[in-house]
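Coordinate analysis (summary)
Residues per chain are reported as follows:
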Amino acid sequence: DSGVTQTPKHLITATGQRVTLRCSPRSGDLSVYWYQQSLDQGLQFLIQYYNGEERAKGNILERFSAQQFPDLHSELNLSSLELGDSALYFCASSPRVGEQYFGPGTRLTVT
Amino acid sequence: SQKIEQNSEALNIQEGKTATLTCNYTNYSPAYLQWYRQDPGRGPVFLLLIRENEKEKRKERLKVTFDTTLKQSLFHITASQPADSATYLCALDNSGYALNFGKGTSLLVTP
């Protein structure tokens, strides 16, 4: 158990819909990262927050957004969902540059 | 463009032997390189970090080498066990923030 929690575990929704994925980092970790993992693309970095502020952006679509709240939990919002957005979404938190601790993931299925 | 390449073919070895996995990269000047283990449907688990000025690092049965001239890291598991069967991911830092991951190599250790 990494100490990072993610909800929900599974999500099934239809194309065009909007969903919110939630992540609680390990106690004391200020950095939160979001990754998307699909079979063909591997693990892709989406976005990072540090203590409530956006720190770095990766391959995140404009339809996706995230935020980190004062209690350090983070949410990833995915809108206008397409079939290709079906993937595992992981959140990770980090105590320092280098090590990252991943949550169990949310499996999103868009039908 | 930046690339991280890991052998896409699964590695099958017999219990007790040493497994060696390769990670090659191009167009990176990483400050460090990491190895993660991922089991199906679960989040990656951090194993080892090696910095650019370190040639080799060990942790129990694991050994990582890092050759910045060859732009290559080797990951060894000695005295391998069936429980070591998993996908192993190589990751490089992205300007000190998030990580870029290779697609991973699947290892199967048979009794």
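One can find the structure itself at the top, above this paragraph.
In this report, the structure presented in the accompanying data block is examined.

1. Some points on the nonpolar core
- With 23 residues, the main nonpolar core has Leu33, Trp35, Phe75, Ile77, Tyr88 and Leu107 of chain B as its most contacted residues.
- Among the elements of the structure, β3 (19–26), β4 (32–38), β5 (45–51), β7 (62–67), β8 (72–77), β9 (86–93) and β11 (105–110) of chain B are those that each provide at least two residues to this core.
- Among residues more than four places away in sequence, those in contact with phenylalanine 75 of chain B are Ala19, Thr20, Leu21, Trp35, Leu47, Leu62, Lys63, Val64 and Tyr88 of chain B.
- Of all hydrophobic cores here, the second largest spans 21 residues; its members include Val4, Ile60, Leu81 and Tyr89 of chain A.

2. Comments concerning the layout of surface pockets
- Here the largest pocket is characterised by a volume of approximately 600 Å³.
- Residue lining of the largest pocket: 25 residues in total, with Gln37, Ser38 and Leu39 of chain A together with Gln38 and Thr87 of chain B positioned closest to the centre.
- Secondary-structure elements contributing two or more residues to the lining of the largest pocket are β4 (31–38), β9 (87–94) and β11 (106–110) of chain A together with β9 and β11 of chain B.
- Taken together, the residues that form the lining of the largest pocket break down as eight nonpolar, 14 polar and three charged.
- Its boundaries defined by the atoms lining it, the second largest pocket holds a volume of some 450 Å³.
- Around the second largest pocket, the lining is made up of 21 residues, and of these Phe102, Gly103 and Pro104 of chain A together with Arg42 and Gly43 of chain B lie nearest the centre.
- Among the secondary structure elements, those contributing two or more residues to the lining of the second largest pocket are β10 (101–102) of chain A together with β4 and β5 of chain B.

3. Notes on the pairing of β9 of chain B
All names here are of chain B.
- Burial analysis of β9 places seven of its eight residues in the buried class, which makes it a mostly covered element.
- Bridging between β4 and β9 involves six bridges; their strand directions are antiparallel. The residue of β9 that forms the bridge with arginine 37 is tyrosine 88.
- Pairing analysis gives three bridges linking β9 to β11, with the strands arranged antiparallel. Across the sheet, alanine 86 pairs through a bridge with leucine 107, a residue of β11.

4. Points about the pairing of strand β6 (residues 53–57) of chain A
Residue and element names in this part refer to chain A.
- Of the strand pairs in this sheet, strand β5 (residues 42–50) and β6 are connected by four bridges, and their pairing is antiparallel. Bridge pairing links tyrosine 49 to glutamate 54 in β6.
- As consecutive antiparallel partners, β5 and β6 are separated by two residues, and within that stretch asparagine 51 has a phi angle of approximately 50 degrees, a positive value.

5. Here we look at the sheet that holds strand β1 (residues 3–6) of chain B
Residues and elements named next belong to chain B.
- Ordered by their spatial adjacency, five strands build an open sheet running β1-β3-β8-β7-β6, and the pairing between neighbours is antiparallel. Whereas interior strands pair on both sides, the edge strands pair on one side only; in this sheet they are β1 and β6 (56–59). Neighbour-to-neighbour, the strand axes of the sheet open up by a mean angle of 15 degrees, direction not taken into account.

6. Thoughts on the pattern of salt bridges
- Tallied over the entire structure, the rule returns eight salt bridges over all chains.
- Residue glutamate 82 of chain A is joined to arginine 63 of chain A by a salt bridge in which the shortest nitrogen-to-oxygen separation is 3.7 Å. Of this pair, glutamate 82 of chain A sits in the loop between β8 (74–78) and β9 while arginine 63 of chain A sits in the loop between β6 and β7 (64–68); the two residues are 19 residues apart in sequence, bridging distant segments of the chain.
- Residues aspartate 39 of chain B and arginine 37 of chain B are paired through a salt bridge, measuring 3.1 Å at the closest nitrogen-oxygen approach.
- For aspartate 39 of chain B, a relative accessible area of 25% gives the class partly exposed.
- Taking relative accessible area as the criterion, arginine 37 of chain B reaches 18% and is therefore assigned buried.

Definitions and limits used
- Going along each chain's sequence as written, the residues are numbered from 1 onward.
- Here the convention is simple: chains get letters from A, ligands get numbers from 1, in the order in which they are written.
- Predicted model: local features are reported for residues with pLDDT of at least 70 only, side-chain atom pairs are reported and counted for 80 or more only, and whole-chain, interface and lining totals are derived from all residues.
- The basis for the side-chain values is all heavy atoms of the structure; hydrogens and waters are excluded.
- Here the nonpolar core consists of buried residues drawn from Ala, Val, Leu, Ile, Met, Phe, Trp, Tyr and Cys, with membership extended through side-chain atoms lying within 4.5 Å.
- To sort residues, take the accessible area from a 1.4 Å probe on protein chains only and compare it with the maximum for the residue type: under 20% means buried, over 50% means exposed, and anything in between is partly exposed.
- Working definition: helices are DSSP H or I runs of at least four residues, strands are E runs of at least two. Numbering for both runs from the N terminus.
- Whether two residues are in contact is decided by their heavy atoms: any pair within 4.5 Å suffices.
- Cavity and pocket criteria rest on a 1 Å grid covering protein atoms alone: a 1.4 Å probe that fits but cannot get out defines a cavity, protein on both sides within 12 Å along at least 5 of 7 lines defines an open pocket, and an atom within 4 Å of a point defines a lining residue.
- Grid points are joined across faces, edges and corners, and a volume is the space filled by probe spheres set on the points.
- Lys, Arg, Asp and Glu make up the charged group, whereas Ala, Val, Leu, Ile, Met, Phe, Trp, Tyr, Cys and Pro make up the nonpolar group; the residues left over, Gly among them, are polar.
- Pairing between two strands requires that DSSP report at least two bridges joining them.
- Throughout, an axis means a line fitted to C-alpha atoms (over the contacting stretch in the case of helices), and angles, computed between N-to-C directions, take values from 0 to 180 degrees.
- Every case where a carboxyl oxygen of Asp or Glu lies within 4 Å of a side-chain nitrogen of Lys or Arg is listed as a salt bridge.

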